Amino acid sequence: MGLEFRPTEHSRRIFERARSLFPGGVNSPVRAFRAVGGSPPVIASGSGPRITDVDGNSYIDLVASWGPLILGHANSDVVRAVQEAALDGFSFGAPTEREVLLAELITSAMPSIEQLRFVSSGTEATMSALRVARGFTGRERILKFDGGYHGHSDSLLVAAGSGVLTLGAASSAGVPETWASSTLSVPYNDLQSVEDAFHRYPADIAAVIVEPIAGNMGVVPPKPGFLEGIRAITRDYGAVLVFDEVITGFRVGLGGAQERFGIGPDLTCLGKIIGGGLPVGAYGGRRELMGLVSPEGPVYQAGTLSGNPLSMAAGIATLQLLFEPGVYPWLNSLGERLAVGLRGAADAAGVSLQIQRVGSMLTPFFVDQSVRDEQAAKRSDTERYGRFFHALLDRGVYVPPSQFEAWFLSLAHTEPDVDAVIQAVGEAMSEAAKVG
Ligand SMILES: *Cc1c(COP(=O)(O)O)cnc(C)c1O
């Protein structure tokens, strides 16, 4: 596949060792390239918009560690902040000023968050937010959306059951059916299904959890009225509305998707960008809800490394730069530039491509109609995406090794970087157009 001019010997050797040590050779599944075939480059370093592998190949990076690196790699302000924090000691398991500073930045950008709790991953954030929702309502069921990803806790590894409004089915082995069946999963952008679920279980649904802009089936924006509708229904039925903004928080604007669409959720989950590339998560919202969390209330939740000083330092330095004027319009203009380039390349190659973008996050779907839900996303030509992916990799452009992920631009990408990506896209698109 592809040109294969890149030296890959060191990557291959190291990945062989990794394969005997880790399932699939990786510590998170999508890194293994199963969806596109081939063996992943082993990364040695990153700087600004680029990463370099152990064979010395350099790539313009549009994965950005799957979202966190909105400033690019090894931003000098973030590096300095982390170095200073490290010199002060790594972890205390005690209150520090840095966690207060980061929390103040977050709450000033997102007014729906009156109080919050830092954790170490997005998975912990969503898991804990649902515990609060269940504790608050005294109800057990959760409603999520097909193709939504909220981390890997048991109640959330659930896909739609076999019929509309049947109970959810575990999407992973090892998840007890009794847990999976307390989660309902309905199609994204389908308000009627949400209404039907509440009609069926009016007093049982503790929370609706939603990515306000879906990013984990590829980028799928909400239809006008979808989020407003969920807000109204949850309010009517006394259920908690949880926005999972682990990707969109500080990505689509300082106030996340909730600011963009003008909708206040009851609880918000954050991660990725707020840790600047170090491990972090957070959940927060109305004081009435967060007051239930231990030690103030009966909902238990704790973490040895929660509010870790290095993560807090990286997050503070990252958000401080994002608070500067003009950041989000600029990111949007880069996103638009890339989308225009992708469109031109697809048209020139006669390839059906739907480019779905919100600001600096986008997915080019190899389909002929706009994608509104998971079922539509799954119609995309993933083999073509695989050829496109490898052709890009061979040309020094690193995009997600799966059709169903978001591409991310950062403040480290320049217009010439984007133009270099577009150049590679043009060539890769004609390769992808060839019948495999
Ligand atoms: C990445 C992600 C998570 C999980 O975060 P981790 O830090 O990987 O546990 C949860 N929700 C969304 C929307 C995500 O994109």
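What you see is a predicted model; the values in this text were computed from it and never measured.

Asks: Go over the site of the ligand with me, naming the residues and quoting the values.
Replies: The immediate surroundings of the ligand are formed by S121, G122, T123, Y149, H150, G151, E211, N216, D244, V246, I247 and K272. A distance of 3.3 Å separates a nitrogen atom of the ligand from a polar atom in the backbone of Y149. N216 is positioned with one of its side-chain polar atoms (N or O) 3.1 Å from an oxygen atom of the ligand. With the chains in place, 83% of the 380 Å² that the ligand exposes on its own is no longer accessible. Looking at side-chain class alone, the shell around the ligand contains three nonpolar, six polar and three charged residues.

Asks: Tell me about the environment of L411, and name the residues and values.
Replies: When you line up the elements, L411 lands in the loop between β16 (407–408) and α14 (415–433). Owing to a relative accessible area of 28%, L411 belongs among the partly exposed residues under this scheme. Those residues within four positions of L411 in sequence are excluded, and the remaining contacts are I70, L71, L322, V327, W330 and L331.

Asks: Could you give me a rundown of the sheet that holds strand β14 (residues 361–365), with the residues and numbers involved?
Replies: Taken in spatial order, the three strands make up an open sheet running β13-β14-β16, and their pairing is antiparallel. Two strands lie at the open edges of the sheet, namely β13 (354–358) and β16, each paired on one side alone. One ladder, built from two bridges, connects β14 with β16; its direction is antiparallel. Along β16, the bridge assignment pairs M361 with F408. Seen against the sheet, helix α11 (residues 327–349) touches β13, β14 and β16 and runs at an angle of roughly 180 degrees to β13.

Asks: Quick rundown of the side chain of K144? Include the residues and the values.
Replies: Structurally, the position occupied by K144 is in strand β5 (residues 141–145). The side chain of K144 is buried and forms no salt bridge, while D146, the nearest opposite charge, is found at 5.4 Å. Within the structure, K144 has its side chain in polar contact with the backbone oxygen of V158 (distance 2.9 Å). If we ignore the near neighbours within four places in the chain, the residues touching K144 are H150, L156, V158, T183, L184, S185, V186 and I209.

Asks: Describe the packing of aromatic side chains, listing the residues and the values that go with them.
Replies: According to the stated counting rule, one finds 10 aromatic pairs in the structure shown. Ring geometry for Y59 against Y398: centres 6.0 Å apart, planes inclined by 55 degrees, an arrangement best described as tilted. Highlighted residues: Y59 in strand β3 (residues 58–61) and Y398 in strand β15 (residues 397–398), separated in sequence by 339 residues. For the pair Y59 and Y398, a shared accessibility class is recorded, and that class is buried. An aromatic cluster is defined as three or more aromatic residues linked by ring pairs; in this entry it consists of F366, Y385, F388 and W407. A cation over an aromatic ring shows up here: R141 above the ring of Y201, its NZ or CZ 4.1 Å from the ring centre.

Basis of the calculations
- Residues numbered from 1 in each chain as written.
- Predicted model: local features only at pLDDT ≥ 70, side-chain atom pairs only at ≥ 80, totals over all residues.
- Heavy atoms only, no water.
- Near = heavy atom within 4 Å.
- Polar contact = N/O pair within 3.5 Å; in protein donor to acceptor, adjacent residues only side chain to side chain.
- Areas by Shrake-Rupley, 256 points an atom, 1.4 Å probe, with all protein chains shown as cover.
- Nonpolar A, V, L, I, M, F, W, Y, C, P; charged D, E, K, R; others polar.
- Helix = DSSP H or I, 4+ residues; strand = E, 2+ residues; numbered from the N terminus.
- Buried < 20%, exposed > 50% of the residue type's maximum accessible area, 1.4 Å probe, protein only.
- Contact = heavy atoms within 4.5 Å.
- Pairing = 2+ DSSP bridges.
- Axes fitted to C-alpha atoms, helices over the stretch in contact; angles between N-to-C directions.
- Lys, Arg positive; Asp, Glu negative; His and termini not counted.
- Salt bridge = Lys/Arg side-chain N within 4 Å of Asp/Glu carboxyl O.
- Phe/Tyr/Trp six-rings, centres within 6.5 Å; stacked < 30°, edge-to-face > 60°.
- Lys NZ or Arg CZ within 6 Å of the ring centre and 35° of its normal.

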